[in-house]
Amino acid sequence: MDGSDNVRGADNQQERLWICGWIAGFVDGEGCFSVPIFRNHKAALRWQVQPQFVVAQSVSGRDALEELVSVFGCGKVYVNQRHDDHREQLALYSVKRFADLRDIIVPFFQEHQLRTSKRENFDRFVRVLRLIEERKHLTISGLIEIAEIVETMNRRKPSNVLRILRDHTPTNS
């Protein structure tokens, strides 16, 4: 996707601009750029990095999430069972495929910039994607660099991942 020119379903420039502005504002309020790092015993280093872009709504707002699928041409909408005091289930628009993140999501938000603190999270997310593209996630030192960035995103509490990686660094990283 090359910015607003390829937004699907928009018949004219004014409609494309409106849709792109709506998406940027919607994501500013309800979106999240995150990079979970978790154990995967099938991976060479036993760790997997899974960048993802997610937008959440109560299930009654699912149509707005389906609109994102239509506009971006990627990602899926999932409905999660909630186990809290909310009355409605949670619907999530999720993009995890690396090529979709790199080629569609990132260029869109580089052109249609976020205006809240999510902009900083987005910039860090892009840094992590670049490190993955450079295959840094396949080395312990690269995993540590990614984990350090991830700990600064989304007001996260420090995780054990960074400590575990630092404590168990093999001599040949």
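The shown structure was predicted, so the numbers you read here are calculated from the model rather than taken from an experiment.

Counting secondary structure elements, the chain contains six helices and six strands. Counting from the amino terminus, the chain carries its helices and strands in the arrangement α-β-β-β-β-α-β-β-α-α-α-α. Within the span of the chain, comprising 173 residues, buried residues form 43% of the whole. When contacts within the chain are restricted to residue pairs at least 6 apart in sequence, long-range pairs at least 24 apart make up 58% of them. Working note: accessible area of the chain is about 10000 Å², and carbon and sulfur atoms make up 45% of it.

Under the definition given, this model contains twelve aromatic pairs. Considering the side-chain rings of F33 and F53, the 4.9 Å spacing of their centres and the 25° angle between planes classify their relative orientation as stacked. Here F53 lies in strand β4 (residues 52-58) and F33 lies in strand β1 (residues 31-34), a separation of 20 residues in the sequence. For the ring pair F72 and F109, a centre distance of 6.4 Å and an interplane angle of 50° mean the geometry is tilted. Of this pair, F72 sits in helix α2 (residues 62-72) while F109 sits in helix α3 (residues 98-111), and the two are 37 residues apart along the sequence. The same class applies to F72 and to F109, which are both buried.

Criteria and cut-off values
Residues numbered from 1 in each chain as written. Predicted model: local features only at pLDDT ≥ 70, side-chain atom pairs only at ≥ 80, totals over all residues. Heavy atoms only, no water. Helix = DSSP H or I, 4+ residues; strand = E, 2+ residues; numbered from the N terminus. Buried < 20%, exposed > 50% of the residue type's maximum accessible area, 1.4 Å probe, protein only. Contact = heavy atoms within 4.5 Å. Areas by Shrake-Rupley, 256 points an atom, 1.4 Å probe, with all protein chains shown as cover. Phe/Tyr/Trp six-rings, centres within 6.5 Å; stacked < 30°, edge-to-face > 60°.

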